[in-house]
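Architecture at a glance
Here's the letter readout for the chains.
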Amino acid sequence: MNRREFLRYQAKGILWMIAGGSGILLPKRLIAAPVPDIAVVKGAPAAATRAAVDLLGGMKQFVKPGDRVVIKPNMSFPTPPERASNTHPEVVRELAVMCKEAGAARILVLDHTLYREELCLERSGIRKACNSISKKMVFALSDDRFYKTTDIPGGKSMTSTDIMKEVLRSDVLIAAPVAKSHSATGVSLSLKGMMGLNYDRSVMHRKYDLHTSIVDLCTILKADLTVIDGTRILSTNGPGGPGKVLKKDTIIASKDMVAADAYAVATFEWYGKKFKPRQVRHIREAHERGLGRMDVENLYVKAIDL
Amino acid sequence: MITFWRAIQLISLILFLILLTLAVSSAITPTPLDLFLLLDPALIALTAISARIFYIAFIPALLVLLVTLFFGRIFCGYICPMGTTLDGSDKLFAASRKKQPEAGKLRLLKYIILFFLLGASLLGVSFVFVAAPLSLITRFYGLLVHPVLAFLFNEILCLVQPLAEWLDMDTVIFMQIATPRFATQLFILAFFGALFFLARVSPRFWCRNLCPSGALMALFSKKPLIRRDVSDDCTDCGRCVNSCPMNAIMTEDPRVTLHEECIVCRTCENTCPENAILFDRIKSEQVFEKQRFSFSRRQFIYSGLFGAATATVGLTGLNSLHGKPGPGQVAPQGLVRPPGALPEMDFLAQCSRCGECMAACPTNTLQPIWLDAGFMGLFSPGLNLRRSYCSPECRMCGEVCPTDAIRSLSKDERIWAKTGTAVIFRRKCLAWEQQKSCMVCDEVCPYKAVEFRKEPGNRVPVPLVREEKCAGCGYCEHFCPVQNQSAIVITPMGALRMSEGSYITQGKSQGLNLSISPKSEYGLQPEGKDWGKGFAPGFEDDEFGSD
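Given the structure is predicted, the values throughout are model-derived calculations rather than measurements.

Turning our attention to the overall build of chain B. When helices and strands are tallied, chain B shows 22 helices and nine strands. Along the first, second and third principal axes, the C-alpha set of chain B runs to 110 × 65 × 40 Å. Counting across all 547 residues of chain B, residues that qualify as buried make up 53%. Sequence-distant contacts in chain B: of pairs separated by 6 or more residues, those separated by 24 or more amount to 76%. Taken as a whole, chain B presents about 25200 Å² of accessible surface, with 62% of it coming from carbon and sulfur. Positive and negative side-chain charges in chain B, numbering 53 and 48 respectively, have mean positions lying 9 Å apart.

Encoded structure:
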């Protein structure tokens, strides 16, 4: 054994130690905890949404009586639910109903839509679905007076941006994205979806690194609850489509945005292929920066079929 | 007390504003939103001549002339929103007005203007936009008053926002009013500022001396059936002379009326202390004063020739597209016309520059242009696709255009009314030049005309335009995150400009494939069907290489 071979041998050992160590640092739970990290329910949109949140302990775990709640769905496109570019209206409605049951004082469903506000609210079906709870619930806010410049203390790339005031005034933020592909960011799930709560998103493309600034944004827009609508998945040509829509009848819920996103990436097919969460850079960065965990294989996932 | 005259004026102005508001709020209703524009005799007559067209919609303007023949210039007195607006402004400026000036030769100017415009129209060039009253007043309210009011309203909303938030008044908190912005406001401001200021010289200075529609109607009301008559009770006190807003009563003899100047407001009738003035069917024995300020036939011909000469200069301008399109035609390069706009020369001849399309454009994309298309194209509508996109589902501009310079299209035809083609400036593009994940152009394109491709040496996919699928709607240009000029720009290249026929048929014959609806191959699909060889944009290669 010459010196080179010895060094190589040593290096291999170190790598093995790191691999083993990471296993200790990120242990798979040996005993099933009563509350799962990720709840996955197959069923009809509304029923599965309720069941998934219930698996996490019910909405009362997240919403206290008198709380102001903001639900952030995807409703940026003037397309019907079957196109899967917006969150299913029944998922949004059920979340709002559950918040109301938990005693929320104010529930708002907000987004900064890409297309004309009225068209998006109407064609996504979300406003109509929520009208039965309250007529003043679903808003697409485009005017700059709805936004307030906010510092991002943990920002690596973007250190300040304009955030929707109503979100800053809220107690609880619920991310309710649809699961869809995205031509620039691979997927658009809860992390990417937060771009609908700031005013100028073009700057995230132009001035900053898109993936890094998504994570920057999520350090101040960290959802208390994430419910991913996987009832239909826009598997190709996202975010707007039309693309291949997979019918999966799945709802994924978690307290951890990164875990929910990572689970959705790993579970569904994108462009006819399987991907690992780390192949989506903003998910990987969010994990590395401690925003949540993408190592879903080490998390307690509870899946049920209704 | 509000007189009958003022009441009708107000109702008419309010109706005009309601129709304009309906157009601005994109309410496509059975109501003809352009009704008032269609009543403007000079606007319609000159457009019909310059564009060599006649539409059934032009009949109302003819009716106005017919009515004038019998009842005098009641359109000016009661209907015209320009006249009412000037009367209103008169209230502000009249105080500083000096004595009524002599009824001067100034009033001949309006005939000169009319015949100037007619001379140009005969050569197929429309200059109605500089003087047609309804074109001007629609621009005044639609492109100047409306944005200013919306702006002020928004400022008030901003002011009360903290209070509304404190009270959780959702209706106020979430109220959103679009504040449009327009080009060429300076002209409208200066023009109307001058008109309002001229009230210092005389009331209705515009209507008396400048308005070509007034001139046209004056030609029809030399001797209307119902007209002013003065009985023998007249004491020559001269009060009516001073009260007449049009200076239509002779100073030397208040019994003499210049009927072609009279707008039948009947102010004199109410002013007369002797009740000596009557508006009625006058019997034929009434002797008519000879026209004092008639001008010679020579002046008519000269102003007409001057108009024709100006039109000729316009036609020899560099940007003029006179004759068949071919080599050497310098079409305005960046100017994208609205969907359904006629071929350029017909378009310019037919467009009265009233600004109704721009006021009605729900996305504030349509803008009046300055000299981009030469002075013959002044104030005509162009799409500013950086400002906003032109939705393939929107048909407002064609719906409200009074002269059909923009065609009114069916839903399906509208999708094929191609306005231009997107061109990517790779040197500005975030993906091509800076290797940044972007793809916003692909994300927003309703026609799915942007494709992405892996380029050797570039770690992110780059966008490419499929020209046959691009309709020039400009979503890409509007949303492109690159500052100032977009990295993807709509050029008028390939725009379909047709005066008749189907855009679908024409587009297909040129090999276009324009669609905004999902293709049949998409939609809900059973899982497990292989997507195929393509790559997955936005995902990174797994350097750990486990599968």
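Let's shift gears to the interface of chain B and chain A. For interface size, the figure often reported is the accessible area lost on association. Contacts between the two partners involve 59 residues from chain B, matched on the other side by 60 residues from chain A. When chain B packs against chain A, close to 5200 Å² is buried across both sides, 51% of that on carbon and sulfur atoms. The closest approach of N and O atoms between Asp168(B) and Arg106(A), which form a salt bridge, is 3.7 Å. Linking chain B with chain A are 23 residue pairs in polar contact (both at pLDDT 80 or more). Of all the secondary structure elements, the ones that give two or more residues to the side of chain B that touches chain A are helix H7 (133–166), helix H8 (170–173), helix H20 (440–444), helix H21 (475–479) and strand S9 (523–525) of chain B. Sort the elements by how many residues they give to the side of chain B that touches chain A and H7(B) lands first, with five residues. Among the residues forming the side of chain B that touches chain A, the class breakdown is 31 nonpolar, twelve polar and 16 charged.

With that settled, the discussion passes to helix H9 (residues 210–220) of chain A. Burial analysis of H9(A) places nine of its eleven residues in the buried class, which makes it a mostly covered element. You can read the cap of H9(A) off the contacts: a side-chain oxygen lies 3.1 Å from the backbone nitrogen of His211(A), and it is on Asp209(A).

Let us look at the pattern of salt bridges. One pass over the full model with this rule turns up 34 salt bridges over all chains. We note a salt bridge from Arg169(A) to Asp168(B), for which the minimum N-O separation is 3.3 Å. Here Arg169(A) is found in the loop between helix H6 (165–168) and strand S7 (172–176), whereas its partner Asp168(B) is found in the loop between H7 and H8 on a different chain. A relative accessible area of 30% places Asp168(B) in the partly exposed class. Linked through salt bridges whose partners overlap, the residues forming this network are Arg68(A), Arg106(A), Glu166(A), Arg169(A), Asp168(B) and Asp170(B).

Parameters at a glance
Residues numbered from 1 in each chain as written. Chains lettered and ligands numbered in written order. Predicted model: local features only at pLDDT ≥ 70, side-chain atom pairs only at ≥ 80, totals over all residues. Heavy atoms only, no water. Helix = DSSP H or I, 4+ residues; strand = E, 2+ residues; numbered from the N terminus. Buried < 20%, exposed > 50% of the residue type's maximum accessible area, 1.4 Å probe, protein only. Contact = heavy atoms within 4.5 Å. Areas by Shrake-Rupley, 256 points an atom, 1.4 Å probe, with all protein chains shown as cover. Lys, Arg positive; Asp, Glu negative; His and termini not counted. Charge placed at Lys NZ, Arg CZ, Asp CG, Glu CD. Buried area = accessible area lost by both parts, 1.4 Å probe. Salt bridge = Lys/Arg side-chain N within 4 Å of Asp/Glu carboxyl O. Polar contact = N/O pair within 3.5 Å; in protein donor to acceptor, adjacent residues only side chain to side chain. Nonpolar A, V, L, I, M, F, W, Y, C, P; charged D, E, K, R; others polar.

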